[in-house]
Amino acid sequence: MINQQVHKRRRAELGNQIGGNDIVIVPTSTVKSRNGDVEFRFRADSDFHYLTGFEEPDAVAVMCPGRANGEYVIFCREKDLQREMWDGRRAGLEGAIEFYGADDAFPYEDIGDILPGMMEEREKVYTNVGRYPEFDSRVLGWLNKIKLDTSSGKHAPFELVDLSHLLYEQRLIKRLDEIQVMRKAGKMSAAGHVKAMQACKPGMYEYQVQAEMECEFRKAGSHYNAYPSIVAGGENACILHYTENDRVLNDGELLLIDAGAEFQCYASDISRTFPINGKFSAEQRALYDIVLAAQHAAFAKCGVGFGWNEPHDAAVEVIAQGLLDENLLEGSLERVLESQSYTQFYMHRTGHWLGMDVHDVGDYQVEDNWRELEAGMVFTVEPGIYVNPNTTTDERWHNIGIRIEDNVLITKHGYENLTSDAPTNADDIEVVMAG
Ligand code: GLY
Ligand code: MN
Ligand code: MN
């Protein structure tokens, strides 16, 4: 479970990376207008949430090692019974201390009077430079103010440093508490995909299958999807980020669904592809089995010490050979790999980091080399084949779009598939669909 103690440990870990005379300033995201006076549902900034667990807008967390009156300070909204009756509960200053472990808390409106004093005499200021330009300019304004005041004998910090490098390395390696939450996100998402397979019938609309699936996410406790669901029937599957989800599902075509629940601010990201009428055609099955074999080849390269690119290279090789075998490509395997002619059918990479963000933070290369996989890393394995009618291929392959995507945790002894509850074998899918 992710609780106050976990956030405290995360701050301590970050604190070990910075100097005892530095300061960390992390703002959260802002509320965005949707239309008229309606707002998008608020989602806390991932860095801010990772360090604090605090879920309200208009808040800034400050870590100030050695500060006599409190090292960990939250600026947030004060309690206001009138506003809370309209807009919802607020932790208030007392709540920030009691429930979120702040040593001290101040009203958000007072930040301009209090924070510059905390920044004085510090050496480096760490913040998410560039994430929130308005907040950046406030930080710069406070720095300038301190510089102008140096006649009083105080010195201004001499470095403004982007926090992301330190924090992203920390966020990249998932600890047990996060892994438990991600397992749960994976399970509820897989249950939604199974529900979609069971519910799907020719003549339904994409959004109707989407509703069946997302109902499972919501019932399991996910308030929000990790990203907008892609529910793509037939030719729509060849549009990689299709989200209109408003077409009818035709007998004889495939349905590609790429969707995942967000649970307690952690994402899952699953793709499954299945026949709308419950039975793969020969062409669909042929390409499906190539993609599945590519995913298994990639899994075989998931473990401590493999390079980040090895699962991708393994998947590409299987897809290229499969496309040659089916005469969708010509030439030798070596030539296809070298010329990358397979990219007309497989144009994306085989995975990305997964965590609080669906495309999570963390470098993929270290000093120009693909980084080695380590225990605690979580990423997707998502090979695909998409036959756009613009390609010079036999018509029988046209508009077949397939992606199979699972979420993998690297463990000491190999890997764990967090999303294996949703079947991927074509035979198993047909059994689930038959009901
Ligand atoms: N759902 C977005 C992706 O698979 O990367
Ligand atoms: Mn996906
Ligand atoms: Mn993905």
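Please refer to the structure higher up on the page.
Residues numbered from 1 in each chain as written. Chains lettered and ligands numbered in written order. Predicted model: local features only at pLDDT ≥ 70, side-chain atom pairs only at ≥ 80, totals over all residues. Heavy atoms only, no water.

(A) Quick look at the coordination of the manganese ion (ligand 2). Protein coordination at the manganese ion (ligand 2): the donors are D258 (OD), D258 (OD), D269 (OD) and E405 (OE), at 2.0 to 2.4 Å from the metal. Taken together, the six donor atoms surrounding the manganese ion (ligand 2) define angles of 57 to 171° at the centre, an arrangement classified as irregular. Linear spacing of the donor residues for the manganese ion (ligand 2) on their chain is D-x10-D-x135-E. Between the manganese ion (ligand 2) and the manganese ion (ligand 3), a separation of 3.2 Å is found, and both are coordinated by D269. With D258 in strand β11 (residues 254-259) and D269 in the loop between β13 (266-267) and β14 (270-275), this residue pair connects regions lying 11 residues apart in the sequence. The same class applies to D258 as to D269, namely buried. (Donors = N, O, S within 2.8 Å, 3.2 Å for Na, K, Ca; no water. Tetrahedral: all angles 85-135°; square planar, octahedral: opposite > 155°, others 65-115°. Helix = DSSP H or I, 4+ residues; strand = E, 2+ residues; numbered from the N terminus. Buried < 20%, exposed > 50% of the residue type's maximum accessible area, 1.4 Å probe, protein only.)

(B) Representation of the sheet that holds strand β8 (residues 159-162). Strand order in this open sheet of six strands is β6-β5-β4-β1-β7-β8, and the pairing throughout is mixed. Edge positions in the sheet fall to β6 (104-107) and β8, since each has one partner strand and no second. If you compare each strand with its neighbour and ignore which way they point, the axes differ by 20° on average. Here four bridges tie strand β7 (residues 124-127) to β8, and the two strands are oriented parallel to one another. Within β8, the position partnered with Y126 by the bridge is V161. (Pairing = 2+ DSSP bridges. Axes fitted to C-alpha atoms, helices over the stretch in contact; angles between N-to-C directions.)

(C) Highlighting the packing of helix α10 (residues 282-299) against helix α13 (residues 426-434). At a minimum axis distance of 10 Å, the contact between α10 and α13 shows a crossing angle of 120°. Our classification of the angle between α10 and α13 gives oblique. For the pair α10 and α13, the contacting residues are R285, Y288 and D289 in the first and A426, D427 and I429 in the second. Of the residues in the contact of α10 with α13, the class split is three nonpolar, no polar and three charged. (Parallel < 35°, antiparallel > 145°, perpendicular 65-115°, else oblique. Contact = heavy atoms within 4.5 Å. Nonpolar A, V, L, I, M, F, W, Y, C, P; charged D, E, K, R; others polar.)

(D) Quick look at the coordination of the manganese ion (ligand 3). Note on the manganese ion (ligand 3): its protein donors are D269 (OD), H352 (NE2), E382 (OE) and E405 (OE). The metal-donor distances range over 2.0 to 2.3 Å. Sequence spacing of the donors to the manganese ion (ligand 3): D-x82-H-x29-E-x22-E.

(E) The arrangement of the packing of aromatic side chains in detail. On inspection of all chains with the given rule, the structure shows 12 aromatic pairs. For the ring pair W308 and Y364, a centre distance of 4.8 Å and an interplane angle of 50° mean the geometry is tilted. Here the residue W308 occupies a position in the loop between α10 and α11 (310-325), and Y364 occupies one in the loop between α12 (333-339) and β15 (365-366), the gap between them amounting to 56 residues. The class of W308 is buried, set by a relative accessible area of 5%. Residue class for Y364 comes out partly exposed when judged on its relative accessible area of 24%. Ring centres of W353 and Y364 lie 5.0 Å apart, and the angle between their planes is 0°; this geometry places the pair in the stacked category. With a gap of 11 residues between them, W353 in the loop between α12 and β15 and Y364 in the loop between α12 and β15 connect regions that are remote in the sequence. Members of the aromatic cluster, joined through ring pairs, are W308, W353, Y364 and F379. The cationic tip of R11 hangs over the ring face of Y72; the distance from NZ or CZ to the ring centre is 3.7 Å. (Phe/Tyr/Trp six-rings, centres within 6.5 Å; stacked < 30°, edge-to-face > 60°. Lys NZ or Arg CZ within 6 Å of the ring centre and 35° of its normal.)

(F) Focus on the environment of F299. Positionally, F299 belongs in helix α10. Separated by 16 residues in sequence, F299 and A315 have C-alpha atoms that sit 9.0 Å apart.

(G) Structural context of the nonpolar core. L255, I257, F274, L287, F379 and I385 are the most contacted members of the largest nonpolar core, which has 104 residues in total. In terms of residue count, helix α8 (residues 176-199) provides more of this core than any other element does, nine residues in total. Residues V62, M119, W142 and L143 belong to the second largest nonpolar core, which totals 20 residues. (Core = buried A, V, L, I, M, F, W, Y, C linked by side-chain atoms within 4.5 Å.)

(H) The arrangement of the pattern of salt bridges in detail. Tallying each qualifying case throughout the model produces 29 salt bridges. Where R77 meets E56, a salt bridge forms, and the shortest distance between an N and an O atom there is 3.2 Å. In this pair, R77 is assigned in the loop between β5 (72-76) and α3 (81-87) and E56 in the loop between α2 (46-52) and β4 (60-63), connecting sequence segments 21 residues apart. You can call E56 buried: its relative accessible area is 10%. D421 is the salt-bridge partner of K187, the closest N and O atoms lying 2.8 Å from each other. Separated by 234 residues along the polypeptide, K187 in helix α8 and D421 in the loop between β21 (414-417) and α13 bring together distant segments of the chain. Exposure remark for D421: the relative accessible area of 42% places this residue in the partly exposed category. (Salt bridge = Lys/Arg side-chain N within 4 Å of Asp/Glu carboxyl O.)

(I) Molecular detail of the site of ligand 1. Inspection of the region around ligand 1 gives Y227, D258, D269, H352, H359, E382 and E405 as its neighbouring residues. Between D258 and ligand 1, the recorded distance is 3.2 Å, taken from a side-chain N or O atom to a nitrogen atom. At 3.0 Å, a side-chain N or O of H352 approaches an oxygen atom of ligand 1. Relative to its unbound accessible area of 190 Å², ligand 1 is 89% covered by the protein chains. Of the residues contributing to the shell around ligand 1, the split by class is one nonpolar, two polar and four charged. (Near = heavy atom within 4 Å. Polar contact = N/O pair within 3.5 Å; in protein donor to acceptor, adjacent residues only side chain to side chain. Areas by Shrake-Rupley, 256 points an atom, 1.4 Å probe, with all protein chains shown as cover.)

(J) A look at the side chain of T391. Its location among the elements puts T391 in the loop between β18 (384-386) and β19 (401-403). Taking relative accessible area as the criterion, T391 reaches 11% and is therefore assigned buried. For T391, the residues in contact, after removing those within four places along its chain, are Q344, F345 and H398.

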